[in-house]
Amino acid sequence: MQTWDVIIVGGGIIGLSLSIALRKRSATVLVVERGEPGREASHAAAGMLADFPLETPSALQPLAAASAHMYPELVHELQDESGMNVDLRDQGTIFFATPEQLQQCPGLTADSPLPSSLSELEPALSHIKLPAIYLKERSVDPRALTSAALKAARHRGVDIASGTAVTEVLLANGSVAGVGTSRTSYSAAAVVNCAGAWAGQLPPHQFPTRPVKGQMLSLVGASRDLLRHVIRAPEIYLVPRSDGRILVGATVEEAGYDKRTDAATIQHMRQAAIHLVPALAQARMLEAWAGLRPGSPDNLPILGATRTTGYFVATGHFRDGILLTPVTAHVMAQIVTGGKPEYDVSPFSPARFQN
Ligand SMILES: Cc1cc2nc3c(=O)[nH]c(=O)nc-3n(C[C@H](O)[C@H](O)[C@H](O)COP(=O)(O)OP(=O)(O)OC[C@H]3O[C@@H](n4cnc5c(N)ncnc54)[C@H](O)[C@@H]3O)c2cc1C
């Protein structure tokens, strides 16, 4: 039987980026993906790289800030190796804060300076009766990012087995020996569970992950430069892409493993988008979709070694998995290869859920 140093369960952006980081450390890697790589949460995401303290849990802030900082390098590398463009945009975000949000964040004031007047920054925006704050956040196209990561992983010699669900992590004398699927088994002394919202379903450890549904839509046909910034308002956000698409997101629903969209919900979001940017009334709906974010009981990621020798986990990235991709790949590659993680990941230890 062929053997790898590391098997990664799940070919979403977390599993793929980790496979590349492990190859850089000379490990041989197999990614086993149940469906097609990169078609679940990583395909559904908006791609905001939002590390602003108001919406990021405080325990996550150091990791979020580090990851945001690492993004340009990750993108440079993936674009270079894949020949693809992942649409990293750095025009920033205009955030409309509620009075409660302003209160929560000391130092943030209703008159936090915008680089120029709102009507100059975004002429298409309607008048919104909330204070606008400018955030230096980037955005990326997660579908392009995931495709580029898949191509770069293959280019670096990562093996990918797709259309194959892992059904169990195999143990020998209490340590990891590989994974079993319905058809075959694969051998490795280290396995990393990157199965997103499904990570909790894999024996031997039941990580308490749950799917958190998000519905979104995209609009096209308004002028290509209708919006430059990401717009975050209390009810919805708008994320412009360089090809002229505008994404409108997103619901946050506890609906189990249900990825259906609801026509009334999508219409409601579209109307909210038109309310923010009236010219979007002329835009056509290109697509509506839903994805399942990997949630955890405390809404923090689950990262690190489990109590079974050779078994690791990297999941629970919830609403921030695209943002947290570079730092997760970096620290998990260090942990899996026996090194000391450069960032403190103790708040995210799987031990907090293992009695
Ligand atoms: C609507 C929406 C908007 C979002 N917006 C943002 C955003 O703006 N910014 C941001 O940072 N994050 C955002 N997110 C969150 C982000 O998408 C996720 O946190 C991230 O994609 C998680 O990546 P992952 O690789 O862990 O999971 P996934 O992409 O879901 O990948 C997990 C993979 O594991 C596979 N798998 C599952 N079980 C098995 C098995 N038994 N065997 C083999 N393979 C298996 C699945 O098929 C899947 O391909 C959003 C999410 C949604 C749904």
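Below, the structure is looked at part by part.

About the criteria used
Residues numbered from 1 in each chain as written. Predicted model: local features only at pLDDT ≥ 70, side-chain atom pairs only at ≥ 80, totals over all residues. Heavy atoms only, no water. Near = heavy atom within 4 Å. Polar contact = N/O pair within 3.5 Å; in protein donor to acceptor, adjacent residues only side chain to side chain. Areas by Shrake-Rupley, 256 points an atom, 1.4 Å probe, with all protein chains shown as cover. Helix = DSSP H or I, 4+ residues; strand = E, 2+ residues; numbered from the N terminus. Nonpolar A, V, L, I, M, F, W, Y, C, P; charged D, E, K, R; others polar. Domains from an automatic or database assignment. Buried < 20%, exposed > 50% of the residue type's maximum accessible area, 1.4 Å probe, protein only. Pairing = 2+ DSSP bridges.

Section: the site of the ligand
Item 1. Contacts to the ligand come from 37 residues, most closely from Glu33, Ser42, Val166, Phe318 and Leu323.
Item 2. In this structure, Ile14 approaches the ligand through a main-chain N or O atom, which is 3.2 Å from an oxygen atom.
Item 3. Leu323 places a main-chain nitrogen or oxygen 2.8 Å from an oxygen atom of the ligand.
Item 4. Coverage of the ligand by the protein amounts to 97% of the 1000 Å² it exposes when considered alone.
Item 5. Those elements that place two or more of their residues in the shell around the ligand are helix H1 (13-24), strand E2 (29-33), helix H2 (41-44), strand E11 (210-220) and strand E15 (284-295).
Item 6. Taken together, the residues of the shell around the ligand break down into 20 nonpolar, eleven polar and six charged.
Item 7. Inspection of the shell around the ligand shows a minimum of three residues originating in each of domain 1 (3-81 + 142-208 + 297-353) and domain 2 (93-135 + 211-295).

Here we look at the pairing of strand E14 (residues 246-249)
Item 1. Residues Ile246 and Val248 line one face of E14 and the alternating positions Leu247 and Gly249 line the opposite face, and both faces are buried.
Item 2. The pairing of E11 with E14 spans three bridges and is antiparallel. Looking across to E14, one finds that Ser218 is bridged to Leu247.
Item 3. As consecutive antiparallel partners, strand E13 (residues 237-240) and E14 are separated by five residues, and within that stretch Gly244 has a phi angle of approximately 100°, a positive value.

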